[in-house]
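Listed below, chain by chain, are the residues.
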Amino acid sequence: VWRKKFPKATGERVPAALCCSCLGMQYGSIRLDGGAPAAPAASKGVFGGHGHRAAALALAALACIAFVGVVALERSTVQPTALCTDVECMLNSPTAPSQAPTAPRTLDPSEVERLQAALAEESGLEKSVTEDMNALEGEGKVQVNVIVSPQGAVGNRGPFGFPGARGETGEEGEAGAPGIRGGDGPQGVLGFQGIAGPAGSKGDPGKQGPPGPAGGGGSMGGAGPEGAMGGQGGEGPEGNVGPLPPPGPVGVQGPPGPAGLIGLSGKAGEVGPAAPAPAEIASIVINPMTGAPIAGVTVTVTRMVGGVERVLGTAESDRNGAVSMHVSPGEVTVRGHMEGFMDYSQFVVLLPRMVMSDRLLMPKTLPAGAAGIVLVWNPRIADMDIHMMTPWGCHVYWNNMRCKERGGVGEAQLDRDDLSGGGPEAMTIVTQIPGNFQVYVHKYSSGNIMDSEAKVYVFQADGRIFEFSLTNGDGKIEDGGTIWTVCDINGANGYVTAADVQRKVLQFNAAGGYAMTKELMAGLPEVQKLTVAMWVIDVAPTMPALASYAVGEEEQAFYLGNTKGITVCIMGECHATEVAVNDKAWHHVAFVFDSSVGTVLYIDGEEKWSGALGQGVSIATGGDLVLGMPQTAQGTMGPAAAGFVGEMSDVVIYRVAMTPTQVNILKTSHPMPGEQGLLVAYIMSQDEETPADKLLDLTPLHRDATLGGETPPVLIDPTNSLSFGTKPPNM
């Protein structure tokens, strides 16, 4: 306050009277205006006159002490004050520092009087203050002793004393008035962006914008509602008679009417032809390795009807192995099945009243790599013996029943030697090794070997069964009619080849030659399943027709050709594949047709193409089959330029859809006469009595083919063929 009122007096001591006056007090000061001091108010108790006076005095004293302390702290050196020449300065200000001595002066009477009055007042004031302080001290409100006594002039400031002990913290005072606002501080660093606040309320819509340009013309609207009918016009002239309206829909069928009366019996029809007498199966199932009968074998007789195999009868062998049933005559397949034994299958043609008494041979299942050989014959020849020469030079027969390769694994043995006539005699190749196992039969007893009607069966572990019949001309008769050389078994791959010196290949020297079978499948129902296969070597890059079957005007009822790729046709629909076999090498080519699925092409036992060709189609029967030439109609040959130049072997057609496994087996073996569904089998094996222009069919129906054309094909030995002496792998 002092600095604000007297800015030029900085550093000078503030008089006590001025300090108290600033706080609105009059204690401890002298009125300089000459007026008398104010009389103290009457006592009103602790908080009455003396109480107010005491509190005011205390506050004034505290304020003065605080102010003096502040001034003392700000001044590190005692500054001289202005000289006092007044009684007020004498009472409230320090004495001027010692300088040049000042001459004393004498107070006038009025000054003395005022001084005495002030001293008297101060004396009374000290007493009052003491009482008031005692009263406040009793209430615990103040502990300040104020002593006012008349003193002389205030001396110079003494040195600072030691700081006293810190007093107890006083009660919190009332909040002071707000201070003056300070200047703006420097701008702080930009903080991170806060979380977005909630969306504000939707504002008022803006003013409507100017109208946009006019839009293009809209599409024509729909027809409006039909207007009200106009008034009836006058009667027009009579028009022409219009056409009859179309018939209305057929009405719902009414409920059936009541049953009519039973009509009169018609005339009896003519008596039809007598049904053929049934044939009979009267056989015995035996184990050819032991000759013992097998009980519990399920024997089934089936027949192919319309491409579907139908069961004609089923029976089970008794404890003696006997099985019997009657079936209608015709082509049938007899099968036997029992767990742990190899399945039996034989194709036979049963005539009316014929009795089939052939024994059903079912050896036990063979281990992998093994093979079984069985001989049976007609007992009219008392004794027949089976023999085998092994690749390691051992001779297996009745006088040397077991052979084992020295230092190797090859092993073969004779299991049964029959002396009572008819057999069976049985051998087993326990372990096959590369090389040929040659099988032959010796007629030990007297008599004509042909009367023996001997048969040899070769059973492979993979389920293949090969049958060789002396009556059918399989093999060759040697040594004056005492030796029947039957077959060779390749120990490396299991191929079984008939030892027939007349086994050949069909050679087409020039385009235009063919082999024709007339009316193939005559009398049979339409075919829904078919397998056609052959070994072929194509030695000229021509457009050859391998097999063509035509019915009436349908020239491609089925067709197999080899141009840039194999082409297959079913009832006039064809598909050309990109698989070619005209590389001057032997290939096994087969296609399988199934009306419910389509067609699959196999080359060398592997599937090369499949599709929906022929799906939902049936192949008509009674047509002509031609090998080596196309047909333009049934029995009419196409151009010679489209003919085949090369060689063929083992051409077979089945009325069944073979599985991939069966096709692969067919590639590595020869067809057997009794196979199920076998229609024709041209295995290129002729006898001396066969005419030169005929190609024998292996099946019992003997659908032999006729060789023709400008240059008919011929049967030759493979060593003299166009294929440089090579032959099919199954030969």
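Keep in mind the model is a prediction, meaning the values are calculated, not measured.

K.L.:
For the overall build of the protein chain, give the residues involved together with the corresponding values.
P.N.:
Helices and strands together make up the secondary structure of the protein chain, namely six helices and 38 strands. A burial count over the protein chain gives 40% of its 731 residues as buried. Within the protein chain, contacts between residues separated by at least 24 positions form 64% of all contacts whose residues are at least 6 apart in sequence. Put simply, the protein chain shows about 42,100 Å² of open surface, and 56% of that area lies on carbon and sulfur atoms.

K.L.:
For the pairing of strand S10 (residues 384-389), give the residues involved together with the corresponding values.
P.N.:
For S10, a buried count of five out of six residues is recorded, marking the element as mostly surrounded by other parts of the structure. By the bridge criterion, six bridges tie S10 to strand S15 (residues 436-443) in an arrangement that is antiparallel. From the neighbouring strand, Met388 faces S15, where its bridge partner is Val439. Pairing geometry for S10 and strand S11 (residues 395-396), over two bridges, is antiparallel.

K.L.:
Got a sec to walk through the state of the cysteines? Specific residues and values, please.
P.N.:
Within the structure shown, the criterion is met by two disulfides. Indicated for the protein chain is the disulfide connectivity 1-2, 3-4, based on numbering the bonded cysteines in sequence order.

K.L.:
Give a detailed account of helix H6 (residues 660-667), specifying residues and quantitative values.
P.N.:
Listed as buried for H6 are Val663, Leu666 and Lys667. Buried residues in H6, looked at end-on, bunch into an arc of 105°, giving them a common side. Elements in contact with the buried residues of H6: strand S23 (529-538), strand S28 (587-594), strand S29 (598-603) and strand S34 (646-654).

K.L.:
I'd like a rundown of the sheet that holds strand S9 (residues 371-376), residues and numbers included.
P.N.:
Read across the open sheet, the six strands follow the order S12-S13-S14-S9-S16-S17; overall the sheet is antiparallel. Looking at which strands have only one partner, the edges of the open sheet turn out to be strand S12 (402-404) and strand S17 (465-469). On average, each strand axis in the sheet is tilted by 15° relative to the strand beside it, whichever way the strands run.

K.L.:
Explain unusual backbone geometry residue by residue, including any values.
P.N.:
What you tend to see is this: most non-glycine residues have negative phi, and most peptide bonds are trans. The amide bond that connects Gly423 to the next residue, Pro424, takes the cis arrangement and shows omega of 5°. Looking at where Pro424 falls in the secondary structure, it is placed in the loop between strand S13 (411-416) and strand S14 (425-431). Despite not being glycine, Glu519 has its phi angle at roughly 50°, a positive value. By the element assignment, Glu519 lies in strand S22 (residues 514-520). Look at Glu519 and you get exposed, because its relative accessible area is 51%.

K.L.:
A description of the confidence of the model for the protein chain should follow, citing residues and the corresponding values.
P.N.:
Of all residues in the protein chain, 74% attain a pLDDT of 70 or more, and the chain-wide mean is 78. Mean pLDDT values for the elements of the protein chain range from 40 in helix H2 (residues 16-22) up to 96 in S11. In this model, residues 1-49 is a region of pLDDT below 50 whose contacts with residues beyond four sequence positions or in other chains number 56 contacts. Note that pLDDT drops below 50 for residues 76-84; the model gives that stretch eleven contacts with residues more than four away or on any other chain.

K.L.:
Describe in detail the packing of aromatic side chains, supporting the description with residues and values.
P.N.:
Under the criterion given, the structure shown has seven aromatic pairs. Centre to centre, the rings of Trp398 and Tyr444 are 6.3 Å apart; their planes meet at 85°, and the pair counts as edge-to-face. A residue pair is termed long-range when its members are at least 10 positions apart, and Trp398 in the loop between S11 and S12 and Tyr444 in the loop between S15 and strand S16 (455-460) qualify at 46 residues. Pairing Phe508 with Phe644 gives two aromatic rings, centres 5.4 Å apart and planes at 70°, and the pair type is edge-to-face. Here Phe644 lies in the loop between strand S33 (636-637) and S34 and Phe508 lies in strand S21 (residues 505-508), a separation of 136 residues in the sequence.

K.L.:
Hey, could you go over the sheet that holds strand S24 (residues 545-551) for me, with residue numbers and the actual values?
P.N.:
Spatially, the eight strands line up as an open sheet ordered S27-S26-S25-S24-S31-S22-S37-S36, and their pairing is antiparallel. Two strands bound the open sheet, and with one partner strand each, they are strand S27 (573-576) and strand S36 (694-695). Relative to strand S37 (residues 705-708), S22 is paired through three bridges, and the arrangement is antiparallel. From the neighbouring strand, Met516 faces S37, where its bridge partner is Thr706.

K.L.:
Could you give an account of the pairing of S21, with specific residues and numbers?
P.N.:
The alternating pattern of S21 places Val505 and Gln507 and Leu506 and Phe508 on opposite faces, both of which are buried. Pairing between S21 and strand S38 (residues 714-716): three bridges, direction antiparallel. Pairing of Gln507 across the sheet is with Val714, part of S38.

K.L.:
Hey, could you go over the side chain of Thr390 for me, with residue numbers and the actual values?
P.N.:
Checked against the element boundaries, Thr390 lands in the loop between S10 and S11. You can call Thr390 buried: its relative accessible area is 6%. Among the polar contacts listed, one links the side chain of Thr390 to the backbone nitrogen of Cys394, at a separation of 2.9 Å. Each residue touching Thr390, except ones within four places of it in the same chain, is listed here: Val396, Ala412, Asn436 and Phe437.

K.L.:
Give me the lowdown on the pattern of salt bridges, citing residues and values where you can.
P.N.:
Inspection of the entire model under this criterion finds eight salt bridges. Notably, a salt bridge pairs Asp418 with Arg416, separated by 3.6 Å at the nearest N-O pair. Note on Asp418: relative accessible area 4%, which makes it buried. Judged by relative accessible area, which is 22%, Arg416 ranks as partly exposed. Residue Lys476 is joined to Glu478 by a salt bridge in which the shortest nitrogen-to-oxygen separation is 3.5 Å. Classification of Lys476 by relative accessible area gives partly exposed; the value is 25%. Classification of Glu478 as partly exposed rests on a relative accessible area of 33%.

Each value, and the rule that gives it
Residues numbered from 1 in each chain as written. Predicted model: local features only at pLDDT ≥ 70, side-chain atom pairs only at ≥ 80, totals over all residues. Heavy atoms only, no water. Helix = DSSP H or I, 4+ residues; strand = E, 2+ residues; numbered from the N terminus. Buried < 20%, exposed > 50% of the residue type's maximum accessible area, 1.4 Å probe, protein only. Contact = heavy atoms within 4.5 Å. Areas by Shrake-Rupley, 256 points an atom, 1.4 Å probe, with all protein chains shown as cover. Pairing = 2+ DSSP bridges. Disulfide = S-S within 2.5 Å. Arc of directions from axis to C-beta. Axes fitted to C-alpha atoms, helices over the stretch in contact; angles between N-to-C directions. pLDDT = per-residue confidence, 0-100. Phe/Tyr/Trp six-rings, centres within 6.5 Å; stacked < 30°, edge-to-face > 60°. Polar contact = N/O pair within 3.5 Å; in protein donor to acceptor, adjacent residues only side chain to side chain. Salt bridge = Lys/Arg side-chain N within 4 Å of Asp/Glu carboxyl O.

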